[in-house]
Amino acid sequence: MAGIRTVGVIGAGQMGSGIAHVVALGGYEVLLHDVSPDRITASRELIGRNLTRQVSREIITPQEMEAAQARIQAAPELQVVGAADLVIEAATESEEVKKSIFRALSPHLGPNTLLASNTSSISITRLAAATDRPERFIGLHFMNPVPLMKLVEIIRGIATDAPTYETAVNFARSLGKTTANAEDFPAFIVNRVLVPMINEAIYTLYEGVGTVEAIDTAMKLGANHPMGPLELGDFIGLDTVLSIMNVLYEGLADSKYRPCPLLTKYVEAGWLGRKAGRGFYDYRGETPVPTR
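Per an unreviewed UniProt entry, the chain goes by the name 3-hydroxybutyryl-CoA dehydrogenase and belongs to Phenylobacterium parvum. We quote the UniProt Sequence similarities (unreviewed entry) comment for the chain here in full: "Belongs to the 3-hydroxyacyl-CoA dehydrogenase family."

Below is the structure:
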């Protein structure tokens, strides 16, 4: 797309890897950064496996896979990322972590570089205020898993200008994504609806209304959901679910968004879901087993 040739991705975790994957397939050069060089290596290996899977399913060609892999370059130094035309932050869902990244990045940015955050819940206006270019800052919320999910939420901060918004929409669509505009309210659209549902499922477990298996089976077969809410919480990461619930609870001051105490207890125990090996299911064996 005119104006954007190189895209920096900050954060080489699950979301950052997925974003780098689709951006590279979209024909853009990618500069992949993380505080841990090992994570960058692991991310590139994960992207390679996922691209290979797409080839095996005839979604892309081997040539497209090779070209995409060649476009992804490791950028262990943050200042290297500043040379990109667009930088997408995909770090952990913590406002202070994200703000510190943007503050550290600001001295290295070109005058025309656009900034975006993949935050799933935090105010774009507040994040933008931590930068030197709030008018060129926007929310680009990709869904997980990024290569499979078609939606990107576009969130403007109060200072985001029209050219930045138009460029962001065109960029997301150039990746084959469908965009949905969301106002800058806590958790935007998808997580404003989805995460409280997961929290309510945890309350349903907490209050003994149903077991893990019963709740997930009921929602899969009774509401035609592809994944039960507790299984989905594990997939997202229970720490992320708790963070989003806290953003909703603090930002909207409504008791219906109070995080379930059981969710807090699981996070305190380090049982964060799939990525930790245990959450509402234990993933350490061949088949996931409910932990309650």
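A. Molecular detail of the pattern of salt bridges. In total, this model carries 10 salt bridges according to the counting rule given. In this structure, Lys99 engages Glu95 in a salt bridge whose closest nitrogen and oxygen atoms are separated by 3.0 Å. Separated by 4 residues within a single helix, Lys99 and Glu95 lie in helix α5 (residues 95-105), roughly one turn from each other. A salt bridge links Glu95 to Arg126; its shortest N-O distance comes to 2.8 Å. Linking Glu95 in helix α5 with Arg126 in helix α6 (residues 124-129), this pair joins segments that are 31 residues apart in sequence. Connected via shared salt-bridge partners are Glu89, Glu93 and Lys98.

B. View of the packing of aromatic side chains. Considering all chains together, one arrives at 6 aromatic pairs under this definition. Centroid distance Tyr203 to Tyr206: 6.3 Å. Interplanar angle 70 degrees. Geometry classified as edge-to-face. Here Tyr203 pairs with Tyr206, and both are found in helix α8 (residues 190-206), just 3 residues apart, close to one helical turn. Given the relative accessible area of 11%, Tyr203 is considered buried.

C. Looking closely at the UniProt feature "site: Important for catalytic activity" (unreviewed entry) in the chain. Mapped onto the present numbering, the UniProt feature "site: Important for catalytic activity" (unreviewed entry) falls at His141. Note on placement: His141 falls in strand β6 (residues 137-142). The exposure class assigned to His141 is buried, which follows from its relative accessible area of 5%. Setting aside residues no more than four positions away along its own chain, His141 makes contact with Ser117, Asn118, Thr119, Ser120, Leu151, Val152, Glu153, Ile155 and Asn191. In terms of polar contacts, His141 uses its side chain to reach the side chain of Glu153, at 2.7 Å.

D. How the structure looks around the pairing of strand β4 (residues 86-89). Burial of β4 is two-sided: the residues Leu86 and Ile88 facing one way and the residues Val87 and Glu89 facing the other way are all buried. Read as a crossover between parallel neighbours, the route from β4 over α5 to strand β5 (residues 114-117) is right-handed.

E. Structural view of the nonpolar core. Core analysis: the largest hydrophobic core is formed by 37 residues, its most contacted members being Val7, Val23, Ile88, Leu140, Phe142 and Phe171. Considering each element in turn, this core owes the most residues, 6 residues, to helix α1 (residues 14-25). Residues Val195, Ile215, Leu232 and Leu262 belong to the second largest nonpolar core, which totals 25 residues.

F. Quick peek at the packing of α8 against helix α12 (residues 261-268). Following both chains from N to C, one finds α8 and α12 inclined at 95 degrees, their axes separated by 8 Å at the closest point. Regarding the angle of α8 to α12, the classification is roughly perpendicular. Judged by residue contacts, Asn199, Ile202, Tyr203, Leu205 and Tyr206 of α8 engage Pro261, Leu262 and Leu263 from α12. Within the contact of α8 with α12, the residues separate by chemical class into 7 nonpolar, 1 polar and no charged.

Each value, and the rule that gives it
Residues numbered from 1 in each chain as written. Predicted model: local features only at pLDDT ≥ 70, side-chain atom pairs only at ≥ 80, totals over all residues. Heavy atoms only, no water. UniProt positions renumbered as here; feature names shortened; annotations may be inferred. Salt bridge = Lys/Arg side-chain N within 4 Å of Asp/Glu carboxyl O. Helix = DSSP H or I, 4+ residues; strand = E, 2+ residues; numbered from the N terminus. Phe/Tyr/Trp six-rings, centres within 6.5 Å; stacked < 30°, edge-to-face > 60°. Buried < 20%, exposed > 50% of the residue type's maximum accessible area, 1.4 Å probe, protein only. Contact = heavy atoms within 4.5 Å. Polar contact = N/O pair within 3.5 Å; in protein donor to acceptor, adjacent residues only side chain to side chain. Right-handed = clockwise from strand over helix to strand, strands pointing away. Core = buried A, V, L, I, M, F, W, Y, C linked by side-chain atoms within 4.5 Å. Axes fitted to C-alpha atoms, helices over the stretch in contact; angles between N-to-C directions. Parallel < 35°, antiparallel > 145°, perpendicular 65-115°, else oblique. Nonpolar A, V, L, I, M, F, W, Y, C, P; charged D, E, K, R; others polar.

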